[in-house]
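Here are the chains, one letter per residue:
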Number of protein chains: 2
Amino acid sequence: MKVAILGFGTVGSSVARILCDLQPENIRLTHIFNRDIARKIAEWVPSTVIWTESFDELLRSDADVIVELVGGLDPAGTWVHRALEAGKSVVTGNKKLIAAHGIELDEVARAHGVHLLYGAAVAGGIPVIPGLRQGLAGDRITRIEGILNGTCNYILSRMEDGAAFAEVLKDAQKLGYAEGDPTEDVDGYDARAKLIILSRIALRAGLQVESVATRSITRIDAVDFVYARDLGCTIRQIAKAELHNDGVSAAVGPMLVPLRSPLSWSRSTENMVLVSGQYGGDVVFSGHGAGGHPTAVAVVSDLITLAHGSRPVDLASRAVQVSGEFQLRHYIRFVVKDAPGIVAEIAGALAAEKINIDALFQRPGYQKDRLPFVITVEPCAASSLHRALDRIAHAAWLAQRPLDLPMLGD
Amino acid sequence: MKVAILGFGTVGSSVARILCDLQPENIRLTHIFNRDIARKIAEWVPSTVIWTESFDELLRSDADVIVELVGGLDPAGTWVHRALEAGKSVVTGNKKLIAAHGIELDEVARAHGVHLLYGAAVAGGIPVIPGLRQGLAGDRITRIEGILNGTCNYILSRMEDGAAFAEVLKDAQKLGYAEGDPTEDVDGYDARAKLIILSRIALRAGLQVESVATRSITRIDAVDFVYARDLGCTIRQIAKAELHNDGVSAAVGPMLVPLRSPLSWSRSTENMVLVSGQYGGDVVFSGHGAGGHPTAVAVVSDLITLAHGSRPVDLASRAVQVSGEFQLRHYIRFVVKDAPGIVAEIAGALAAEKINIDALFQRPGYQKDRLPFVITVEPCAASSLHRALDRIAHAAWLAQRPLDLPMLGD
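Residues numbered from 1 in each chain as written. Chains lettered and ligands numbered in written order. Predicted model: local features only at pLDDT ≥ 70, side-chain atom pairs only at ≥ 80, totals over all residues.

Caption draft 1: Seen up close, the overall build of chain A. Of the regular secondary structure elements, chain A holds 13 helices and 19 strands. Whereas a compact globule of 410 residues would reach a radius of gyration of roughly 22 Å, chain A reaches 23 Å, a difference of no more than 12%. When the backbone C-alpha atoms are referred to their principal axes, chain A occupies close to 80 × 45 × 35 Å. Once local pairs closer than 6 in sequence are excluded, the contacts in chain A between residues at least 24 apart make up 75%. (Helix = DSSP H or I, 4+ residues; strand = E, 2+ residues; numbered from the N terminus. Rg over C-alpha atoms; globule rule 2.2 N^0.38 Å. Contact = placed C-beta atoms within 7 Å.)

Caption draft 2: Structural view of the environment of Gly-119 of chain A. Examined against the element boundaries, Gly-119 of chain A turns out to sit in the loop between strand 6 (116-117) and helix 5 (128-135). Between the C-alpha atom of Gly-119 of chain A and that of Val-297 of chain A, which follows or precedes it by 178 residues, the distance is 9.4 Å. Discounting residues that sit within four places of it in the chain, Gly-119 of chain A has contacts with Pro-127, Ile-129, Pro-130, Ala-298, Ser-301 and Asp-302 of chain A together with Gly-135 of chain B.

Caption draft 3: The arrangement of helix 10 (residues 222-230) of chain A in detail. Residue and element names in this part refer to chain A. Buried residues of helix 10: Asp-224, Tyr-227 and Ala-228, and no others. Within helix 10, the buried residues cover an arc of 105° as seen down the axis, which keeps them to one side. For helix 10, the secondary structure elements touched by its buried residues are strand 10 (233-244), strand 11 (247-258), strand 16 (328-336), strand 17 (357-361), strand 18 (371-380) and strand 19 (398-407). Two residues or fewer after helix 10 comes Gly-232, characterised by a positive phi angle close to 70°. (Buried ≥ 20, exposed ≤ 12 C-beta atoms within 10 Å, placed from the backbone. Arc of directions from axis to C-beta.)

Caption draft 4: The arrangement of the sheet that holds strand 1 (residues 2-6) of chain B in detail. Residue and element names in this part refer to chain B. Strand order in the open sheet formed by six strands is 3-2-1-4-5-6, and the pairing between neighbours is parallel. Of all strands in the sheet, those bounded by a partner on one side alone are strand 3 (50-52) and strand 6 (116-117). With two bridges connecting them, strand 5 (residues 89-92) and strand 6 associate as parallel partners. Its bridge partner lying in strand 6, Val-91 is registered against Leu-117. (Pairing = 2+ DSSP bridges.)

Caption draft 5: Highlighting the interface of chain A and chain B. Each side of the interface is counted separately: chain A has 46 residues, and chain B has 46 residues. Every element with two or more residues in the side of chain A that touches chain B is listed here: helix 1 (10-22), helix 5, strand 13 (281-288) and helix 11 (292-307) of chain A. Looking at the side of chain A that touches chain B element by element, the count peaks at eleven residues for helix 11 of chain A. A breakdown of the residues in the side of chain A that touches chain B according to their chemical character gives 23 nonpolar, 18 polar and five charged. Inspection of the sheet shows strand 13 of chain A paired to strand 13 (residues 281-288) of chain B by five bridges, in the antiparallel sense. Its bridge partner lying in strand 13 of chain B, Gly-287 of chain A is registered against Val-283 of chain B. (Nonpolar A, V, L, I, M, F, W, Y, C, P; charged D, E, K, R; others polar.)

Caption draft 6: Summary view of the sheet that holds strand 5 (residues 89-92) of chain A. Residue and element names in this part refer to chain A. If you trace the six strands from one edge of the open sheet to the other, you get 3-2-1-4-5-6, paired in parallel fashion. Looking along the sheet, the strands with just one partner apiece sit at the ends: strand 3 (50-52) and strand 6. As paired strands, strand 2 (residues 28-33) and strand 3 are joined by three bridges and run parallel to one another. Paired with Ile-32 across the bridge in strand 3 is Trp-51.

Caption draft 7: Up close: the relation of the copies chain A and chain B. Superposing chain A onto chain B requires a rotation of 180° together with a translation of 0.0 Å along the rotation axis, leaving an RMSD of 0.0 Å. As the rotation angle and translation indicate, the two copies are arranged about a two-fold axis. When the interface residues of chain A are mapped onto chain B, 100% of them again fall at the interface, so both copies present the same face. (Least-squares fit on C-alpha atoms with pLDDT ≥ 70 in both.)

Caption draft 8: Spotlight on unusual backbone geometry. Asp-74 of chain A connects to Pro-75 of chain A through a cis peptide bond whose omega is 5°. Phi is positive for Lys-354 of chain A, close to 60°, though the residue is something other than glycine. Relative to the helices and strands, Lys-354 of chain A resides in the loop between helix 12 (342-352) and strand 17. Backbone geometry places Arg-204 of chain B, a non-glycine residue, at a positive phi of 55°. Within the secondary structure layout, Arg-204 of chain B lies in the loop between helix 9 (189-203) and strand 8 (205-206).

Caption draft 9: Region of interest: the nonpolar core. Formed by 258 residues in total, the largest nonpolar core has its most connected members in Ile-5 and Val-67 of chain A together with Ile-5 and Val-67 of chain B. Those residues in contact with Ile-5 of chain B that lie beyond four places of it in its chain are Gly-12, Val-15, Ala-16, Leu-29, Ile-32, Phe-33, Val-67 and Leu-69 of chain B. (Core = buried A, V, L, I, M, F, W, Y, C linked by C-beta atoms within 7 Å.)

Caption draft 10: Structural view of the packing of helix 5 of chain A against helix 5 (residues 128-135) of chain B. Closest axis-to-axis distance for the helix 5 of chain A/helix 5 of chain B pair is 8 Å, and the angle between their directions is 125°. Considering their axes alone, helix 5 of chain A and helix 5 of chain B lie oblique with respect to each other. Read as a crossing pair, helix 5 of chain A and helix 5 of chain B show a hand that is right-handed. Contacts between helix 5 of chain A and helix 5 of chain B pair Pro-130, Gly-131, Gln-134 and Gly-135 of chain A from the former with Pro-130, Gly-131, Gln-134 and Gly-135 of chain B from the latter. (Axes fitted to C-alpha atoms, helices over the stretch in contact; angles between N-to-C directions. Parallel < 35°, antiparallel > 145°, perpendicular 65-115°, else oblique. Left-handed = near helix turned anticlockwise from the far one by under 90°.)

Caption draft 11: Looking closely at the confidence of the model for chain A. Looking at chain A, the pLDDT average stands at 95 and 100% of residues meet or exceed 70. Scored as a whole, the predicted complex attains pTM 0.95, and scored at its interfaces, ipTM 0.93. (pLDDT = per-residue confidence, 0-100.)

Caption draft 12: The pairing of strand 1 (residues 2-6) of chain A, seen in detail. All names here are of chain A. The buried fraction of strand 1 is high, at four of five residues. Where strand 1 lies against strand 2, five bridges are found, and the strand directions are parallel. Along strand 2, the bridge assignment pairs Ala-4 with His-31. Running through helix 1, the crossover from strand 1 to the neighbouring parallel element strand 2 is right-handed. Direction of pairing for strand 1 relative to strand 4 (residues 65-68): parallel, over a ladder of four bridges. Residue pairing in the sheet places Ile-5 in a bridge with Val-67 of strand 4. (Right-handed = clockwise from strand over helix to strand, strands pointing away.)

Caption draft 13: Inspection of the environment of Asp-161 of chain A at higher detail. Residues and elements named next belong to chain A. Here Asp-161 shows up in the loop between helix 6 (150-160) and helix 7 (165-174). Asp-161 gets classed as exposed once you count the C-beta atoms within 10 Å, which come to 9. Spatially, the C-alpha atoms of Asp-161 and Ala-222 are 9.4 Å apart, while their sequence positions differ by 61 residues.

Caption draft 14: A look at the domain arrangement of chain A. Residue and element names in this part refer to chain A. If you check the domain split of chain A, you get domain 1 (2-117), domain 2 (128-288 + 314-323) and domain 3 (328-407). The gap between the C-alpha centroids of domain 1 and domain 2 is 28 Å. Contact residues are listed per partner, giving seven residues for domain 1 and eight residues for domain 2. Residues that form the side of domain 1 that touches domain 2 fall into these classes: four nonpolar, one polar and two charged. (Domains from an automatic or database assignment.)

Caption draft 15: How the structure looks around helix 6 (residues 150-160) of chain B. All names here are of chain B. Here helix 6 lies mainly inside the structure; nine of its eleven residues are buried. Within the span of helix 6, buried status applies to Gly-150, Thr-151, Cys-152, Asn-153, Tyr-154, Ile-155, Leu-156, Ser-157 and Met-159. Downstream of helix 6 by a residue or two, Gly-162 has a phi angle that is positive, lying close to 110°.

Following this line, the structure appears as structure tokens:
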């Protein structure tokens, strides 16, 4: 099986490195494509490999499989499409492309008798996709809860240990964990793309990318970790999707996670996926979700799968209605200029939306004019809670907009 | 694809139940075999299913796949062999059979153009085998550490919370977690069979069952959990195998596990597998390892894999030398009739084998004539340690034989 690598960055060169080291049976690296290819040529790559900056040359070549590691929708999408139409199988780690166009690209592959594998698109080195496809095909998965973005997990687990957001973000950028513009990560778009892919495979539900609401982790403050701990919890960026009779609830954003839940155990850039099946109960996968080598392992595993003539179990997904609503307890953190009657006003706004207060936490030692306290409420839909908070959005005693976070169960 | 179930116990009836509920595409249950079949017939099974107590009838039937859930080496092994030779694929959860004869049965399957799948043989509802086969084929796995026996994990995690061994074992038997004769579980034979299978798939190493040493959990006492906690650890039955240049080290038995390690997080009957790869780092799988439904999920997943024409990645294993030696820190718990000079004598015995003492722990509040204390030693081979302990085996001050446990790293 002749393999061409499209995109010779961190992951692409890790793939080449592993192929050279392990020399898996029946797999030969024949082409490497990149822009400005001259600056990429590495002496450790076998001399038989052809270096090129022409995609058309790859397409005309006798390569059987194209490994697409360029990323993004364009031109990667066009290239993947053309490769499949030219009768070449494609292995990709492009979550954005697979989230947005995976279903149609699967069809193109099927129509041309070739394969499209994307184990590297979600949680890199953790075999979640093969685990779900092959290993849990016999269950009916009803829920996914994942820590799918290593950058956010690094930031939040460092904040849990007392560091401040801005400082940690700077460290993450220095360490190469975060981009110069961290929007994709911290605002949840990266995790959302992965949740869309997992929902397709595990819940067999086709979700439109834009239909899943995301919330940023940027509003999380040190004080939230203090109160979270009082509640026996910590805070993680969670991507959650749940099957209902009439569709799927899905959302991505910071949530309170009980310290007893495996989701609280992931530290640094680790990823974790927890799936719940009707028959098999909860299954947890965790490990390194990103980085050159772990992601390359997923790519090479897909190549070996193809070389062995092993075909993934391909179960059809169906388009479903998506809502962002989960009936969950919520954490609401207020920062107020202290005055009498504040709690009464909040309680009134919540009561108007039929939301019951669960508990109120107020730690001593803060300034009266920027006083943080927390109210937790019994399970309710986020939309009702937001309506309640809208009622008090203009209250003079608010020192800043309240922060509300869903609270996951054990 | 026509499916016959061989053995209609807990798992067999769960498999039938899931097949009836989910009705996976292209899979039809056609036969159910059991001894004394009359008492097994269930009215919720479709009336088209043929109930039989004749294995030969199954063999002559048009069933494409036999699901073997009888367990044990004989007659299950003969039946699996004959089914494969008759051109029928086999899906089995029989860890004992696959550990002892998996390699030759794989060859029989290959020779007859059929398939042998056994995802249910290790950690039931957790897709470890497909995860390793398909998802981590592109890595070089160097180490496996697993909690592979739910009974032991139930016992030890209950003891961690303060319960006594005998009491917990009785509860486990009452709950159906442990057999009347718990030897297979508590002495490590069940976990060993699973470790043999995982080593074959992940390390590509063919280990002889008897070559892997096992130690029983029955000597663990409440006081060991107290001292383990002082050391930032707990105790679990661990099945461990590690690749070396000249072979594999493998062992099964109770070990100290740091509270920071994921292995300490598994509670009750949960299973967990931690694999370490040269490129992808650590990956953790956890979930329900046993029970009718979780095990049946693995069986049905294998059936769906076959029905979709998906073939598992099949990488050859090679026979290797096995040793039980790991260079690990060790925990040694003594119970002594207190007298001067005991520590000097122990230190002398250890020094004679060039083993360095790391620390000594002695909690107050115990009787002088049955005084428990703990010595930890720097990394050494278990065999050296046992030689050292042999030197003092007949000391008059020993109230009981010392207990030594390996200590896993973070």
